[in-house]
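Residue-level structural notes
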Amino acid sequence: MIEFLTWMPAIVLPGAALIQLIKLWKTHDPSGVSVLSLLLFGIAFVGVYILFSQTGGYFSLQAIMAFLLTSVLNFWIVWTVLKYRLKPDENDELERTTD
């Protein structure tokens, strides 16, 4: 049971970020996504990994997945949101002009 619980953050944290990223890819709608929050969470997860690694957990798969993978996904979400906000989807532009 303890082993299962130690894997929960490694599965849940990147899974939640991946769900958000997939939703962004499908909808191209960044509304409701807080860039600042995700950016700060990404930075925080890097910090937590560094703090955790000081106890000898550099190569712990659970720590890498929970903290570093989640950080990468959060930064990817931030990049995607900024991309969609700065450059609107061309298909949306075409639909608006044809209406």
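Before going into details, it helps to say that this report is about the structure given with it. Nothing here was measured: the structure is a model prediction, and the numbers come from that model.

Our focus in this paragraph is the overall build of the chain. Of regular secondary structure, the chain possesses 4 helices and 0 strands. Reading the chain from its N end, one meets helices and strands in the order α-α-α-α. For the chain, buried positions account for 27% of its 99 residues. Look at the contacts in the chain between residues 6 or more apart in sequence, and 77% of them connect residues 24 or more apart. Put simply, the chain shows about 6900 Å² of open surface, and 72% of that area lies on carbon and sulfur atoms.

So, on to unusual backbone geometry. The phi angle of most residues is negative, glycine excepted, and most peptide bonds adopt the trans form. Residue His28 is not a glycine yet carries a positive backbone phi of 55 degrees. Looking at the element boundaries, His28 is found in the loop between helix H1 (2-27) and helix H2 (35-53).

Residues Ala17, Leu21, Leu24, Val33, Val35, Leu38, Leu73, Ile77, Val78, Val81 and Tyr84 constitute the largest nonpolar core, which totals 11 residues. At the level of elements, H1, H2 and helix H3 (61-86) are the ones that each hand at least two residues to this core. When residues of this core are assigned to their parent elements, the largest contribution, 5 residues, is made by H3. The contacts of Leu21, once residues within four sequence positions are left out, are Leu73, Trp76, Ile77 and Thr80. Grouped together as the second largest cluster of nonpolar side chains are 6 residues, Ala10, Tyr49, Ala63 and Phe67 included.

So, on to the packing of H2 against H3. Close contact between H2 and H3 brings their axes to 8 Å; oriented N to C, the two are set at 160 degrees. When the axis of H2 is compared with that of H3, the two are roughly antiparallel. For the pair H2 and H3, the crossing hand works out as left-handed.

Before going further, it helps to examine the side chain of Thr70. One can find Thr70 in helix H3. Leave out the neighbours within four places in its chain, and Thr70 touches Leu13, Pro14, Phe45 and Met65.

Rules and cut-offs
Residues numbered from 1 in each chain as written. Predicted model: local features only at pLDDT ≥ 70, side-chain atom pairs only at ≥ 80, totals over all residues. Heavy atoms only, no water. Helix = DSSP H or I, 4+ residues; strand = E, 2+ residues; numbered from the N terminus. Buried < 20%, exposed > 50% of the residue type's maximum accessible area, 1.4 Å probe, protein only. Contact = heavy atoms within 4.5 Å. Areas by Shrake-Rupley, 256 points an atom, 1.4 Å probe, with all protein chains shown as cover. Core = buried A, V, L, I, M, F, W, Y, C linked by side-chain atoms within 4.5 Å. Axes fitted to C-alpha atoms, helices over the stretch in contact; angles between N-to-C directions. Parallel < 35°, antiparallel > 145°, perpendicular 65-115°, else oblique. Left-handed = near helix turned anticlockwise from the far one by under 90°.

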